[in-house]
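# Structural description and commentary
Residue-level listing of the chains:
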Amino acid sequence: MGFARTCSVALVGVEGVVVEVQADLEPGVAAFTLVGLPDKSLTESRDRVRAAVVNSGGEWPQKKLTVGLSPASVPKAGSGFDLAVACAVLGAAARIDPRVLAEIVMIGELGLDGRVRPVRGILPAVLAAADAGYEQVVVPESAAAEASLVPGVSVLGVRSLRQLIAVLTDEPVPEEDPDGQGRPDPLLAGLRVPGTGAATGMHGGGAPQPDHDLADVVGQTSARTAVEVAAAGGHHLFLEGPPGAGKTMLAERLPAVLPPLTRQESLEVTAVHSVAGLLPPGKPLVEVAPYCAPHHSATMQSLVGGGPGVARPGAVSLAHRGVLFLDEAPEFHGQTLDALRQPLESGHVVIARSAGVVRFPARFLMVLAANPCPCGRFSQRDSLCDCPPSAIRRYQARLSGPLLDRVDLRVEADPVTRAQLTEPGARGESSAAVADRVRAARERAAARLAGTPWGTNSEVPGRELRSRFHAGAGAMDEAERSLERGVLTARGIDRVLRVAWTVADLVGHDRPDAGDVCLALQLRTGIPRGVPMALGALT
């Protein structure tokens, strides 16, 4: 009888569970049994592993073989266990010393020819191994850079099973020709979540386009101010205006003014994108705020996560620490939009399935864009709209009150006039200039919130705002009157105070004064309060 064990990692959402892979050989009729709640793709590893071992020059044991995945109560999915299963079998067959395998975590898929292929979720898997105390990890060579992001772990990247056997047995390591030099790995496409391709705005690691600059936006003083406030405080934004006013332009340029991600934020974002198979080749760490813009026909599962089988991250998780842009927001299905309420408040998504509960991070900055009516020409200043009042009411009611109550900033994007387009020097401030002010405001907020679990003004709970972070004397009088008249809800007045703190950080005030609160009220309600919309006028 032969026995050997090694370790791999099962992913539950973006969290990993270390799994012990045990192989046992006994005399009897040759058979291969895999136990421990494997899914279909993992069950098929029996054929992949057998072919990989034989084609790598090894001898497949002609005995009764049982491979167990422990703990057996945790569902296992995917092909990332292939490498561990193959080595455990070779250890039980005395081809590899079983003592060498016991303290190594192995992650990777095997091709029939013995090549080691990448799988989703390398980073969260290695993080789980490090948390469990393991110091040696074997991964596919193409994923070694991603695995090396975890400190304190020795990473071995292998190109084939032959190379790994040679390393573990102290034999000369054979050379392996690289696959497809100069072009992407053809199997990496299979790592992507369905519906997250190039046409969805979720590709490329979320990097902002280099030619997207705020200076390209003509006019739109109120909307530009709202974008700057949203970036500085992490506040959600609703842009309403006719077609062609620049709503999409503003949303696309918002990631460029957000501060770079911290190391911890980068690891969080990279873990989600790794599980989704969206990490760009050669860039294992996402360092800029992601940008995700799903089409209005997106399903609830593609937006918040889920799907058949193992739950996958949705658009709200792919936009974690970045921007989620919902263009033509009223065209989204009502239930799909209302599913955003919970992640908007909590910063994560909890998906319950019969096999267990999965939690994905989802702390994003949401930008909604909508036309004022079906034809897009409704305005209080002219009568170009042909829509009947009932059609306008139905169209605007597609965005529910509870959802809009969670949006801090609501501004109208006015049509751009001919004079604004043709005026010399009509270009506004560049993204770099706005980003500098945003970065300074974030630093002021971080200094004030030091020692607390919050990093931006939008994350501070209402009870803390009322008890620890007070506005100036008399600054909240106008907001309290709006609460009494029913213009604001209790949640709304807390959000006004959060925005007021962000405005104060942008203009350099120690605490919000009456002008800062009035601007915050104007940005939230859209009702003029007699304060200038340009932040420079408040300094």
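A brief look at the structure comes next.

Rules used in this analysis
- Residues numbered from 1 in each chain as written.
- Predicted model: local features only at pLDDT ≥ 70, side-chain atom pairs only at ≥ 80, totals over all residues.
- Heavy atoms only, no water.
- Helix = DSSP H or I, 4+ residues; strand = E, 2+ residues; numbered from the N terminus.
- Buried < 20%, exposed > 50% of the residue type's maximum accessible area, 1.4 Å probe, protein only.
- Polar contact = N/O pair within 3.5 Å; in protein donor to acceptor, adjacent residues only side chain to side chain.
- Contact = heavy atoms within 4.5 Å.
- Phe/Tyr/Trp six-rings, centres within 6.5 Å; stacked < 30°, edge-to-face > 60°.
- Axes fitted to C-alpha atoms, helices over the stretch in contact; angles between N-to-C directions.
- Parallel < 35°, antiparallel > 145°, perpendicular 65-115°, else oblique.
- Left-handed = near helix turned anticlockwise from the far one by under 90°.
- Nonpolar A, V, L, I, M, F, W, Y, C, P; charged D, E, K, R; others polar.
- 1 Å grid on protein atoms, 1.4 Å probe; cavity = no way out; pocket = protein on both sides within 12 Å on 5 of 7 lines; lining within 4 Å.
- Points joined across faces, edges and corners; volume = space filled by probe spheres on them.
- Pairing = 2+ DSSP bridges.

Here the focus is the side chain of Ser56. As for its position among the elements, Ser56 is in the loop between helix H2 (45-55) and strand E4 (64-70). With a relative accessible area of 12%, Ser56 lands in the buried category. Polar contacts involving the side chain of Ser56 include one to the main-chain carbonyl oxygen of Ala52, which spans 2.6 Å. When sequence neighbours within four positions are dropped, the list of residues in contact with Ser56 reads Asp113, Gly114, Leu161 and Arg162.

This model, assessed by the stated rule, comprises two aromatic pairs. Geometrically, the ring pair formed by Phe32 and Trp60 is tilted, given 5.6 Å between the ring centres and 40° between the ring planes. Taken together, the residues span a long stretch of sequence, with Phe32 in strand E3 (residues 31-35) and Trp60 in the loop between H2 and E4 at a distance of 28 residues. The exposure class assigned to Trp60 is buried, which follows from its relative accessible area of 11%. Between Phe469 and Trp501 the ring centres are 6.4 Å apart and the planes differ by 85°, which places this aromatic pair in the edge-to-face class. With Phe469 in the loop between helix H19 (462-467) and helix H20 (477-484) and Trp501 in helix H21 (residues 490-507), this residue pair connects regions lying 32 residues apart in the sequence. For the residue pair Phe469 and Trp501, the accessibility class agrees, reading buried in each case.

The omega angle of the peptide bond from Ser70 to Pro71 is 5°, so this bond is cis rather than trans. Within the fold, Pro71 resides in the loop between E4 and helix H3 (82-92). Positive phi, close to 60°, is recorded for Asp170, a residue that is not glycine. Residue placement: Asp170 occurs in the loop between helix H7 (161-168) and helix H8 (221-233). With a phi angle near 65°, Arg321 is a residue other than glycine that sits in the positive phi range. As for its placement among the helices and strands, Arg321 is situated in the loop between helix H12 (315-318) and strand E12 (323-326). The class of Arg321 is partly exposed, set by a relative accessible area of 24%.

For the rest of this paragraph, the subject is the packing of H2 against H3. In the contact formed by H2 and H3, the axes pass within 10 Å of each other and the chain directions differ by 60°. When the axes of H2 and H3 are compared, the pair comes out oblique. Here H2 and H3 pass one another in a crossing that is right-handed. From H2, Ser45, Arg48, Val49 and Val53 reach across to H3, where they touch Asp82, Val85, Ala86 and Leu90. Along the lines of polarity and charge, the residues of the contact of H2 with H3 split into five nonpolar, one polar and two charged.

Here the structure, examined in full by the defined rule, presents one cavity of 30 Å³ or more. The computed volume of the largest cavity comes to approximately 50 Å³. Lining the largest cavity we find Arg448, Leu449, Asn457, Val460, Leu465, Phe469, Arg498 and Trp501.

With that out of the way, let us pick up the pairing of strand E16 (residues 409-412). Side chains Leu409 and Val411 project from E16 onto a buried face, and the interleaved Arg410 and Glu412 project onto a face without burial. Alignment of strand E10 (residues 237-240) against E16, held across four bridges, turns out to be parallel. Note that in E16 the partner of Leu237 across the bridge is Leu409.

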